[in-house]
Each structure stands twice: as C-alpha cells, then as structure tokens.
Amino acid sequence: MQVQSVVTDMFGRSPSKSVNPDEAVAIGAAIQARSFSAHLLHIINSLLSKVCSKKVSPKVVCLFLSKHLEFLCEILHIYYLFVYT
C-alpha cells in the first residue's frame, strides 16, 4: 500500500502535493534541534547553578560552553547514562 493512500485513509482527505518533502524534513529537523537545544541549555544551567550555588545568567552559560565544550560533553554523556539507563 502506498503512503499516499494510507494518509488518505487515516485523515479522510488527499495529502497536499504542494509541500516539498525535503523542506518538510528540514523544518522537522530544525524544530527537533531547537527542542533539544532548549533541553540541553536547561540541563547546563541546572548543573552550573548547583556548582555556583545561585542562578546563572545566559551569558555565563554561553561563556562556559565556549571554553569547556569538550568537558561538558563528557559530563552530559555521564548524566544521560545515569538518568536513562
């Protein structure tokens, strides 16, 4: 069964053919990346707040990222292993 007929069966109307599939995938990827980056910044801010014992400004987070990106990636890897396994 073709994808178009499945979509028609599910939604009761034909899919739009005016949308470029490559653009749709790119937009979806951009939305997902934005969502991930917001989650990542929240985690970084939480970690820095715990280390600094106070709220950290976005400028400090950016400065920290620019200087300690490799170290931060290692910490996040350990964090995700701990939380999600």
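Residues numbered from 1 in each chain as written. Predicted model: local features only at pLDDT ≥ 70, side-chain atom pairs only at ≥ 80, totals over all residues. Heavy atoms only, no water.

Undergrad: Explain the overall build of the chain to me, and be specific about the residues and the numbers.
TA: Looking only at helices and strands, the chain has three helices and zero strands in total. In the chain, the succession of α and β elements from N to C terminus is α-α-α. Here the chain has a C-alpha radius of gyration of 20 Å; the compact-globule value for 85 residues is 12 Å, and the former is much larger. A principal-axis box enclosing the C-alpha atoms of the chain has dimensions of 55 × 30 × 20 Å. Each of the 85 residues in the chain was classed as buried or not, and the buried ones make up 11%. Within the chain, residue pairs in contact and separated by at least 24 positions form 33% of the contacts whose partners lie at least 6 positions apart. Within the chain, one finds 8 positive and 5 negative side-chain charges whose respective centroids are separated by 18 Å. (Helix = DSSP H or I, 4+ residues; strand = E, 2+ residues; numbered from the N terminus. Rg over C-alpha atoms; globule rule 2.2 N^0.38 Å. Buried < 20%, exposed > 50% of the residue type's maximum accessible area, 1.4 Å probe, protein only. Contact = heavy atoms within 4.5 Å. Lys, Arg positive; Asp, Glu negative; His and termini not counted. Charge placed at Lys NZ, Arg CZ, Asp CG, Glu CD.)

Undergrad: An account of the nonpolar core is needed here, citing residue identities and associated values.
TA: Listed in full, the six residues of the largest apolar core are I43, I44, L48, V61, L72 and L76. Broken down by secondary-structure element, the contributors of at least two residues to this core are α2 (21–52) and α3 (58–84). (Core = buried A, V, L, I, M, F, W, Y, C linked by side-chain atoms within 4.5 Å.)

Undergrad: Explain a nonpolar patch on the surface to me, using residue names and the numbers behind them.
TA: On the surface, Y79, F82, V83 and Y84 cluster together into a nonpolar patch covering about 460 Å² of accessible area. By secondary structure assignment, the location of V83 is in helix α3. (Patch = residues over 30% accessible without salt bridge, like charges linked within 9 Å, V, L, I, M, F, W, Y side chains within 5 Å. Areas by Shrake-Rupley, 256 points an atom, 1.4 Å probe, with all protein chains shown as cover. Salt bridge = Lys/Arg side-chain N within 4 Å of Asp/Glu carboxyl O.)

Undergrad: Give me α2: which residues, what numbers.
TA: With 32 residues, α2 extends 46 Å between its outermost C-alpha atoms, agreeing within 8% with the 46 Å of an ideal straight helix rising 1.5 Å per residue. Here α2 has its buried residues at I43, I44, N45, L48 and S49. Sitting at the head of α2, N20 places a side-chain oxygen 2.9 Å from the backbone nitrogen of D22. (Expected span 1.5 Å × (residues − 1). Polar contact = N/O pair within 3.5 Å; in protein donor to acceptor, adjacent residues only side chain to side chain.)

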